[in-house]
Amino acid sequence: MPVVTYISQDGAINEIEVTSGSSVMQGAVDNMIDGIVAECGGSCSCATCHCFVDEAWVEKIPPASEMEKDMLECVLEPQENSRLSCQIKVTDELDGLVVRLPESQF
Amino acid sequence: MTKSCCVIIGASHAGGQLAVSLRQEGWDQKILVIGDEPYLPYNRPPLSKTFLSGEKHVEDLLIRPEAQYEKVDIDFMLGQEVSRIDRTNNLVILDNDTDISYSSLALTTGARVRKLDLPGADLKGVLYLRDISNAEQIQPYIAPGKKAVIVGGGYIGLETAAMLRKLGLEVTVLETADRVLNRVTAPEMSAFYTRIHEEEGVRIVTGAGVTGFAGYNRVREVLCGDSDPFPADLVIIGVGVIPNTELAEEAGLDVDNGICVDGQCRTSDPDIVAAGDCTNHYNAFYQCRLRLESVQNAMDQARVAAATLCGKSNAYNALPWFWSDQYDLKLQIAGLSNGYDEVVLRGDPGAGRKFSAFYFKNDQVIAVDAVNSPQEFMVGKQIISKSLAVDKVMLEDTSVPIKSLLTNA
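Residues numbered from 1 in each chain as written. Chains lettered and ligands numbered in written order. Predicted model: local features only at pLDDT ≥ 70, side-chain atom pairs only at ≥ 80, totals over all residues.

When helices and strands are counted, chain B shows 11 helices and 26 strands. For chain B, whose C-alpha radius of gyration is 22 Å, the value lies close to the compact-globule estimate of 22 Å for 409 residues. Here the C-alpha coordinates of chain B stretch approximately 70 × 65 × 35 Å along the principal axes. Split into buried and exposed, the 409 residues of chain B put 46% on the buried side. When contacts within chain B are restricted to residue pairs at least 6 apart in sequence, long-range pairs at least 24 apart make up 61% of them. (Helix = DSSP H or I, 4+ residues; strand = E, 2+ residues; numbered from the N terminus. Rg over C-alpha atoms; globule rule 2.2 N^0.38 Å. Buried ≥ 20, exposed ≤ 12 C-beta atoms within 10 Å, placed from the backbone. Contact = placed C-beta atoms within 7 Å.)

Residues and elements named next belong to chain B. If you trace the three strands from one edge of the open sheet to the other, you get β4-β5-β6, paired in antiparallel fashion. Whereas interior strands pair on both sides, the edge strands pair on one side only; in this sheet they are β4 (82-86) and β6 (99-101). For this sheet, the mean angle separating the axes of adjacent strands, direction not counted, is 25 degrees. Across four bridges, β4 lies against strand β5 (residues 91-94) in antiparallel orientation. Note that in β5 the partner of V82 across the bridge is L94. (Pairing = 2+ DSSP bridges. Axes fitted to C-alpha atoms, helices over the stretch in contact; angles between N-to-C directions.)

Turning our attention to the interface of chain B and chain A. Listed as interface residues are 19 residues of chain B and, on the opposing side, 16 residues of chain A. Ranked by residue count, the leading element in the side of chain B that touches chain A is helix α9 (residues 374-385) of chain B, at four residues. Each residue belonging to the side of chain B that touches chain A can be placed in one class, and the counts come to 10 nonpolar, six polar and three charged. (Nonpolar A, V, L, I, M, F, W, Y, C, P; charged D, E, K, R; others polar.)

Structure follows, in structure tokens:
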């Protein structure tokens, strides 16, 4: 099963097995990782699942849709490598993916 | 000595979140969540969208899988009704007469559909949509060419209409008021949604008061007084919900359009909290008490309630927000528009599928309805929650980026 690493602002590192086909957001929610809120349950409507994708992985993830990009521009402190984690589908090719979590989703 | 136990009555969005938040807040005693459905907490919004279409299945709807609750020792009793609460003895009495002792109690009982008590309402094919079993009852009726009549032009009605139309049914929406979404939006929004649905081939009939259902064994027509009846193979009624307050009321707690709670989600008994669709609470933005039917309210109140049970004192003061997906339209709503005195439109609701409506009261933005306009939604939330002043001319001008209204405020 692919492993996704979530690094929180306080330095906590969680290496989580996430089922292929599930989302990076769901992996965090399932494992009660503070830092991902996911109010809308993954429908790209709330931007509270914001994460920063590690540079090494940015190009390996399918690009964001226009809707996601619009939402991302309005999150707290958006960066070049910002993504909404509910829109990142985990696959075997993404085994080893590393994401950093923002200090706050609000 | 009995080990401390927090019992949570209700296992949907609020109940599930409350249990998880208790652990996150440091509650290390037993947690038992009792739900009357046979499912772990699941996402309700997809029921009128991707679950109805069969794109998602029950396992996909679960907010968290069973294994995750086991990891953190959250216990569930599912498919179990509660008969009453004995506050004197700190007991929850189940409908099989078993008693469960609690040291802390949370009520997250949600709401149930308002039913239409009309002739023919018990015919096969006259259905509601609130939970998985409802959706599973609807699914066998879905086939291209079948006639579906949706009673109620609110969000549930319109979302269901959109999904059934996508699946090839002939769809008619019957709304008693003079426009759809009349309780919650401005006329411009109602007109927009009517236009889109009609473009997609749905028939919208307003001023239509349903008086009954006709058929032999299964429904064949929806009756509207003296008007021509509407042929139907399937009827879905979506005319609102009623908060499940009976347990609270019978236990002597204050109830008034929901279980009354304070800013920390405490009921009139300070040892009992409540969260979600079932509560009536004070909203500081709008300075009134209200009851909200939304995922956001359920989750945010659940977090506050859990903190309260752990001896903390967070206040619930989140800005209400809501979303609805129909066809290729993403509607995101920030705030509550009741009582508005002016609407400023950004974009044209008469053409295309992207625009937003900013609701003002005394020149302050109190709510935003954003259709396929996520930036207007996100910026709108900031404007409302920070009571920022907004230049209406700039707002109306779509060549001005919406984010610049934040820097100019």
